[in-house]
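Spelled out from the first residue to the last, the chains are:
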Amino acid sequence: MSKLTQLAAKMTLSKDLGPERDYGERGRIRKAFSVFGSNLKGMLAVNLMVDIFALPLIVMFVFLMGLYEQNQITEAGYSFSGFLGIGYGLVDDTVAGINMIYGIRSDFFLYFFTPGLMILSIGLAGAYHCIRNFYWGVEVKVFKHFFRGIKLHWWKFLITFTYLGLVGTSAACGTIELMRLMATTGSASAGIWIWSIGSLLLGLLSMLFAAVFLPTSVSFRFGYKDYIKNSCISSLIMFLPNLILTIVLVAPMFLIMVNIVKYIVYFAMITVGASLYIMLDVSFGNICNDLLVNQMYEYEQEQAAKTAQMQRKQQLKEAAKAQRANPKKGKKR
């Protein structure tokens, strides 16, 4: 028995909450885009409701952080014009300005990123519930099912996104500190490198876990520990497709570093982008759970039914044998 098979055998098995369907169906990503396109109006509505819960993050990191940086630099009177490094005061101003900018960014992540994700998680609980229903082809009343999803799943999403927020804060602050030191001194200590790289790796692994956990948590009725166990095992077994999906979803976010393109990215995410991301994640989660949990559960049920049938046949044979051995037994006198 391979290591992966041994891992799969440790999963908690159950039928998901969805309707009967072909677990072996192909073209899941194509199906995700098809469902998204045919329910575009509902997707827009779900996305706008998510935007409400994302508002603190949007305000803090899209608007206030840049404005605060500019105001602080202006108030401090730092000069970044002319030939940097030539002329009295320019080198000092440049170093001090860089330290201030990176310090502001680090503070924003430290104080606002995790709380912002915690608020967003509540809206995502409702969004995943709605989009799961769209994907399964069941009736969706967006407003009603959005808040039903919050009622059912808020605590699972809140715990998970609090953890993701703390990991993300560590990764962001470590990377910002590394960039600050490299920009101002040209080097950084081994501890800073370990902190930054270690946090980024942990963040990547956490994202791979979340890509399976989030759709799983709205598709099954498990205990929280079983959600974590199944999601960890699925993430390991489906590591390569999970990694590819995560890279594909994260890559467009780097476009926000380009001044003109970033506004297109912001507009896309505010209108339909979040719903599309969730739809793709729900599709991937269904692939993982159909290949592993659902099919293994059905196989287990079939084996249990066969075993029960064999036991009944054996009992009938033994009863018939006992009757033949003592035909008068049980007759009335």
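This structure is a prediction, so every number in the text was calculated from the model and none was measured. (Residues numbered from 1 in each chain as written. Predicted model: local features only at pLDDT ≥ 70, side-chain atom pairs only at ≥ 80, totals over all residues. Heavy atoms only, no water.)

A. Examining the packing of helix α8 (residues 239–250) against helix α9 (residues 261–325) more closely. Closest axis-to-axis distance for the α8/α9 pair is 12 Å, and the angle between their directions is 180 degrees. Taken together, α8 and α9 sit at an angle that is classed as roughly antiparallel. For the pair α8 and α9, contact is made by Pro-241, Asn-242, Leu-245 and Leu-249 and by Tyr-277, Leu-280, Asp-281 and Phe-284, respectively. Residues that form the contact of α8 with α9 fall into these classes: six nonpolar, one polar and one charged. (Axes fitted to C-alpha atoms, helices over the stretch in contact; angles between N-to-C directions. Helix = DSSP H or I, 4+ residues; strand = E, 2+ residues; numbered from the N terminus. Parallel < 35°, antiparallel > 145°, perpendicular 65-115°, else oblique. Contact = heavy atoms within 4.5 Å. Nonpolar A, V, L, I, M, F, W, Y, C, P; charged D, E, K, R; others polar.)

B. Layout of helix α5 (residues 142–184). With 43 residues, α5 should reach 63 Å at 1.5 Å per residue; the first-to-last C-alpha distance of 51 Å falls well below that figure. The principal kink in α5, of about 65 degrees, is found at His-153. Once α5 ends, the next one or two residues include Gly-186, with phi positive near 85 degrees. (Expected span 1.5 Å × (residues − 1). Bend = angle between axes of the 7 residues up to and from the residue.)

C. Quick look at a nonpolar patch on the surface. A cluster of nonpolar side chains, namely Leu-55, Val-59, Val-62, Phe-63, Leu-64 and Leu-67, defines an oily patch on the protein surface of about 500 Å² accessible area. Checked against the element boundaries, Leu-67 lands in helix α3 (residues 40–76). (Patch = residues over 30% accessible without salt bridge, like charges linked within 9 Å, V, L, I, M, F, W, Y side chains within 5 Å. Areas by Shrake-Rupley, 256 points an atom, 1.4 Å probe, with all protein chains shown as cover. Salt bridge = Lys/Arg side-chain N within 4 Å of Asp/Glu carboxyl O.)

D. The arrangement of the layout of surface pockets in detail. Empty space within the second largest pocket amounts to approximately 260 Å³. As for the second largest pocket, its lining consists of 15 residues, and the residues nearest its centre are Leu-205, Ser-206, Phe-209, Cys-232 and Ser-235. Elements with a contribution of two residues or more to the lining of the second largest pocket: α5, α6 (190–217) and α7 (224–237). Among the elements that line the lining of the second largest pocket, the one with the most residues is α7, at six residues. (1 Å grid on protein atoms, 1.4 Å probe; cavity = no way out; pocket = protein on both sides within 12 Å on 5 of 7 lines; lining within 4 Å. Points joined across faces, edges and corners; volume = space filled by probe spheres on them.)

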